[in-house]
Amino acid sequence: MQILKEGSRFSLNVKNKTDGLTLMNDINDSCIAAAFFDPQYRGILDKLKYGNEGISRGRARSSLQQMDEGTIIKFIHAINRVLKASGHLFLWVDKFHLCQGVLDWFIETELNLVDLIVWDKEKIGMGYRTRRKSEYLVVFQKSPVKAKSCWRDHTIPDVWQEKVQKIHPHSKPYGLQKRLIAATTIEGDTILDPAAGGFPIMYACEELKRDFIGGDIEYGEE
């Protein structure tokens with residue numbers, strides 16, 4: 001199955017430097033086996049207004065280009081288009097957006113909420129009240145919803161402990177993401193990450209003999 005449309009300037013298995021929406025516009029319908037999406041949320045910064053962006057340890061993260069809800073919804077609709085039937089979307093969500101709810105973003109898509117994984121980062125973060133130690137990976141599956149035939153590793157815990165080495169402000173647990181790719185895809189499948197950051201999904205795909213398509217506006221390569 002051809003992943004990219006004829007004449008696309010993008011390539012598989014490289015660090016494309018591009019906006020994710022532009023990249024996905026060049027991907028054919030229903031050809032991606034799984035997708036990871038880690039938005040740079042603006043909502044929590046606007047809501048709490050800590051006032052210390054640029055001087056705190058969150059400087060690198062807050063300096064990244066932020067995504068408003070309209071942009072996030074556009075990404076989700078594009079992912080819905082390119083995912084295969086029964087393919088999975090793994091969406092990283094912070095506590096603020098988890099509590100606010102994200103299901104409105106999925107209206108008029110074929111993506112169904114099927115699971116939630118809590119990532120225990122094994123370090124304490126910021127917070128006005130409780131200090132943040134976790135992030136959340138919400139799992140969606142494109143219709144038709146299937147379990148046993150589409151998720152082969154049934155030993156993944158729903159609370160995952162992993163300390164990461166920061167290579168990017170958005171660094172996420174490499175071991176968990178690699179395990180999820182292995183559980184939900186097979187060799188030769190193509191995995192999408194339209195906001196790839198430090199490109200850990202690409203490295204996991206190399207190890208697992210999957211193809212990767214993804215890009216980042218700041219960390220990609222020309």
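Everything discussed here concerns the structure shown above.
Here is a short report on the structure shown in this document. Just so it is clear, the model here is predicted, and its values are computed rather than measured. (Residues numbered from 1 in each chain as written. Predicted model: local features only at pLDDT ≥ 70, side-chain atom pairs only at ≥ 80, totals over all residues. Heavy atoms only, no water.)

### Some words on the packing of aromatic side chains
Counted under the stated rule, the structure contains 6 aromatic pairs. Plain terms: the ring middles of Phe36 and Phe90 are 4.8 Å apart, the flat faces sit at 25° to each other, and that makes the pair stacked. Of this pair, Phe36 sits in strand S2 (residues 32-37) while Phe90 sits in strand S3 (residues 83-93), and the two are 54 residues apart along the sequence. The exposure class assigned to Phe36 is buried, which follows from its relative accessible area of 1%. (Phe/Tyr/Trp six-rings, centres within 6.5 Å; stacked < 30°, edge-to-face > 60°. Helix = DSSP H or I, 4+ residues; strand = E, 2+ residues; numbered from the N terminus. Buried < 20%, exposed > 50% of the residue type's maximum accessible area, 1.4 Å probe, protein only.)

### Some details on unusual backbone geometry
The peptide bond linking Ser143 to Pro144 adopts the cis configuration, its omega dihedral lying at 0°. On the secondary structure map, Pro144 appears in the loop between strand S5 (134-142) and strand S6 (159-161). In this structure, Asn13 is a non-glycine residue whose phi angle is positive, near 65°. Phi angles above zero are rare outside glycine, and Glu122 is one such case at about 60°. Inspection of the secondary structure puts Glu122 in the loop between strand S4 (111-120) and S5. Residue classification places Glu122 among the partly exposed residues on the basis of a relative accessible area of 38%.

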